[in-house]
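Here is how the chains run, residue by residue.
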Amino acid sequence: MSVKTSTLTIDDKTIELPVKDGTIGPSVVDITPLYKHTGKFTYDPGFTSTASCESQITYIDGDEGVLLYRGYPIEQLAEHGDFLETCYLLLYGELPTAAEKQDFDLRVTRHTMVHEQMNRFFNGFRRDAHPMAVLVASVGALSAFYHDSTDISDPQQRLIASIRMVAKIPTLAAMAFKYSIGQPFVYPKNSLDYTSNFLHMSFSVPCEEYVPNPVLSRALDRIFILHADHEQNASTSTVRLAGSSGANPFACIAAGVACLWGPAHGGANEAALRMLEEIGSVDRIPQYIAKAKDKNDPFRLMGFGHRVYKNYDPRAKIMQRTTHEVLSELGIKDDPLLDVALELERIALSDEYFVEKKLYPNIDFYSGITLKALGFPTTMFTVLFALARTVGWIAQWKEMIEDPSQKIGRPRQLYTGFAERDYVPLGQRS
Ligand code: ACO
């Protein structure tokens, strides 16, 4: 078998570096021997040209607008599958048979309650704390409760930790919501499916019966499928890096939640809705487009652009359809935010600046409108994203731990600080 290589000459040294092919997508130049042979590091802040690992979970073709989970197109999974089936697929690598699906659903359902002592953690937070702050802390706190699933060298314990994480994240997310609005926590209901149960824990109150609407439940389930994984994005890379030291799996997921919170990542759906509200009406769109194009103005159109997609985000298309479905089910005929969003998208997609820079709507552009219509306040949007992405984080964490070539992640740097200098005693400093 011939091994492909690429040749690199640095100073007077020439070395051959192996080129590795994936199933689909760009090949990679394996630079592992670079430092040993040349004494040089590569420099790639933001990892725009760097593959940090080998993975078999998710594939994105950003130029073509393709997203595959374990080879299956996101459009097909969102159309025909449900979220727990997607979880099974991400964790195990194959779609479940009917019997496997039934067994998996049951196991997740059986783990939805959190330790009663967890309630005390919530009570320590200010009521006005951001639910993401509460979620970071409560997910991290799981590491203090489930001591029987923290031996990461045991495949069985890894699996139990994974199922626990997928099962308990909706309970914690709903608790973060309930706490922020001053309502009592609602226990999970095992007779409901995963997403209906989450709606039940979020919206039911002890004094009134709550029956989840199946159309809305299905819409939210589809939103969860769309967000379930997205290869080596910032939060997933954070989980992998945290996990590479052998850290507790729940603590690693808390690190992922923390990273997701930022407005350049999961916080964008909150920011996108705020922006649509600020624009307020269709006639004000041109001035915001001008702001976004102005080099001296830091304003960006939130929900537009993506590090990887330089085409329409395939998730955004499904999201737009879901938005219409939810609004129609709720009888919302005229939503001014939707009007602004549709017109903003139309104008931006025909504007030279956005066309040239390949800035298309991303998934966050429409998700805010939908989640608001479902009854969630903006502060909960990123929490819902974290809920859905948890399975991706845990599947990627598991894959990393199970990779025999796994090492602790330890990037190097280009040092531009002072060279060595002598300590000056306090009295002699000017
Ligand atoms: N509005 C206006 N201009 C933009 C936007 C935007 N939303 N996004 C990028 N640009 C411009 C930049 O100013 C830059 O212009 P320049 O080349 O003249 O300097 C060019 O497009 C490239 O932008 P970068 O920031 O270099 O691209 P990068 O890949 O690093 O950023 C990002 C991607 C962070 C998503 C960016 O597009 C952005 O800030 N978008 C708004 C926030 C957002 O919606 N984030 C959600 C991401 S999806 C997710 O997390 C699920």
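The notes below deal with the structure included here. Fair warning: this is a prediction, and the values are worked out from it, not measured in the lab.

Here we take up the overall build of the protein chain. A count of helical and extended segments in the protein chain gives 18 helices and 6 strands. Scaling as 2.2 N^0.38, a compact globule of 430 residues should have a C-alpha radius of gyration of about 22 Å, and the protein chain matches this with 24 Å. Dimensions along the principal axes, computed over C-alpha positions, put the protein chain at roughly 75 × 70 × 60 Å. For the protein chain, the residues scored as buried account for 46% of the 430 residues in total. Carbon and sulfur atoms provide 53% of the accessible area of the protein chain, an area that totals close to 21900 Å². When the 43 basic and 52 acidic side-chain charges of the protein chain are each reduced to a single mean position, those positions are 5 Å apart.

Assignment of secondary structure puts E345 in helix 15 (residues 336–350). Buried and without a salt bridge, E345 has K317 as its closest oppositely charged side chain, separated by 9.2 Å. The residues touching E345, leaving out its near neighbours within four places in the chain, are F304, Y312, Q320, P361, F365 and Y366.

Moving on, we come to the packing of aromatic side chains. Applying the stated criterion across every chain yields a total of 22 aromatic pairs. Seen in terms of ring centroids, Y35 and F41 are 4.7 Å apart; in terms of plane orientation they differ by 20 degrees. Their pairing is stacked. Here Y35 falls in the partly exposed class, since its relative accessible area comes to 47%. Measuring from centroid to centroid gives 5.8 Å for F177 and F376, while their planes differ by 55 degrees, and the two rings are tilted. You can see F177 sitting in helix 7 (residues 155–180) and its partner F376 sitting in the loop between helix 17 (364–373) and helix 18 (381–402), a full 199 residues away along the chain. No difference in accessibility class separates F177 from F376, as the two residues are buried. A connected cluster of aromatic rings, assembled from ring pairs, spans F83, F177, Y194, F198, F203, Y210, F224 and F376. The aromatic ring of Y179 is capped on one face by R127, whose charged end is 4.1 Å from the ring centroid. The ring centre of F418 lies 3.3 Å from the NZ or CZ of R421, which sits over that ring.

Moving on, we come to the pairing of strand 4 (residues 58–61). Side chains of strand 4 alternate between two faces, with T58 and I60 buried and Y59 and D61 left unburied. Sheet topology note: the strand 4/strand 5 (residues 66–69) ladder contains 4 bridges and is antiparallel. Among the inter-strand pairings, Y59 is bridged to a residue of strand 5, identified as L68. Between strand 4 and the antiparallel strand that follows it, strand 5, lie 4 residues; G65 among them carries a positive phi value of about 75 degrees.

Turning our attention to the sheet that holds strand 5. Strand order across the open sheet formed by 3 strands is 4-5-6, with antiparallel pairing between neighbours. For this open sheet the edge positions go to strand 4 and strand 6 (72–73), each flanked by a neighbour on one side alone. Pairing between strand 5 and strand 6: 2 bridges, direction antiparallel. Across the sheet, L68 pairs through a bridge with P73, a residue of strand 6.

Near the ligand, the surroundings consist of 21 residues, among which K295, R300, L301, G303 and K357 are the closest. Between the ligand and the protein, one listed contact pairs an oxygen atom with a backbone N or O atom of H265 at 3.2 Å. In the environment of the ligand, a nitrogen atom lies 2.9 Å from a nitrogen or oxygen atom belonging to the backbone of F304. Here the ligand loses 74% of its free accessible area of 920 Å² to cover by the protein chains. A class-by-class count of the residues in the shell around the ligand yields 10 nonpolar, 5 polar and 6 charged.

In the structure shown here, the tally under the stated rule is 0 disulfides. For the unlinked cysteine C53, the closest cysteine sulfur is that of C252, found at 15 Å.

So, about the pattern of salt bridges. Summed over the entire model, instances satisfying the criterion amount to 18 salt bridges. In this structure, D21 engages K4 in a salt bridge whose closest nitrogen and oxygen atoms are separated by 3.0 Å. Taken together, the residues D21 in the loop between strand 2 (13–20) and strand 3 (28–29) and K4 in the segment before strand 1 (5–10) connect sequence positions 17 residues apart. Residue E79 is joined to R321 by a salt bridge in which the shortest nitrogen-to-oxygen separation is 3.8 Å. Here E79, found in helix 2 (residues 74–80), pairs with R321, found in helix 14 (residues 314–329); they are 242 residues apart in sequence, far enough to count as distant. Its relative accessible area of 46% is what places R321 among the partly exposed residues. By sharing partners, the salt bridges in this structure join D82, K101 and D105 into a single network.

End to end, helix 18 covers 32 Å across 22 residues, agreeing with the expected 32 Å (1.5 Å per residue, within 8%). Considering bend angle alone, the principal kink of helix 18 is centred on R389 and spans about 40 degrees. A large share of helix 18 lies buried, amounting to 21 of its 22 residues.

Turning our attention to helix 13 (residues 285–293). Burial in helix 13 covers these residues: I285, Y288, I289 and A292. Projected down its long axis, helix 13 shows its buried positions confined to an angular sector of 105 degrees, all on one face. Looking at the buried residues of helix 13, the elements they touch are helix 12 (268–279), helix 15 and helix 16 (352–356).

It is worth spelling out the nonpolar core at this point. Of all hydrophobic cores here, the largest spans 110 residues; its most connected members are L135, L301 and F376. Setting aside chain neighbours within four positions, we find L301 in contact with M275, Y288, I289, A292, L344, A348 and F354.

What counts and what doesn't
- Residues numbered from 1 in each chain as written.
- Predicted model: local features only at pLDDT ≥ 70, side-chain atom pairs only at ≥ 80, totals over all residues.
- Heavy atoms only, no water.
- Helix = DSSP H or I, 4+ residues; strand = E, 2+ residues; numbered from the N terminus.
- Rg over C-alpha atoms; globule rule 2.2 N^0.38 Å.
- Buried < 20%, exposed > 50% of the residue type's maximum accessible area, 1.4 Å probe, protein only.
- Areas by Shrake-Rupley, 256 points an atom, 1.4 Å probe, with all protein chains shown as cover.
- Lys, Arg positive; Asp, Glu negative; His and termini not counted.
- Charge placed at Lys NZ, Arg CZ, Asp CG, Glu CD.
- Salt bridge = Lys/Arg side-chain N within 4 Å of Asp/Glu carboxyl O.
- Contact = heavy atoms within 4.5 Å.
- Phe/Tyr/Trp six-rings, centres within 6.5 Å; stacked < 30°, edge-to-face > 60°.
- Lys NZ or Arg CZ within 6 Å of the ring centre and 35° of its normal.
- Pairing = 2+ DSSP bridges.
- Near = heavy atom within 4 Å.
- Polar contact = N/O pair within 3.5 Å; in protein donor to acceptor, adjacent residues only side chain to side chain.
- Nonpolar A, V, L, I, M, F, W, Y, C, P; charged D, E, K, R; others polar.
- Disulfide = S-S within 2.5 Å.
- Expected span 1.5 Å × (residues − 1).
- Bend = angle between axes of the 7 residues up to and from the residue.
- Arc of directions from axis to C-beta.
- Core = buried A, V, L, I, M, F, W, Y, C linked by side-chain atoms within 4.5 Å.

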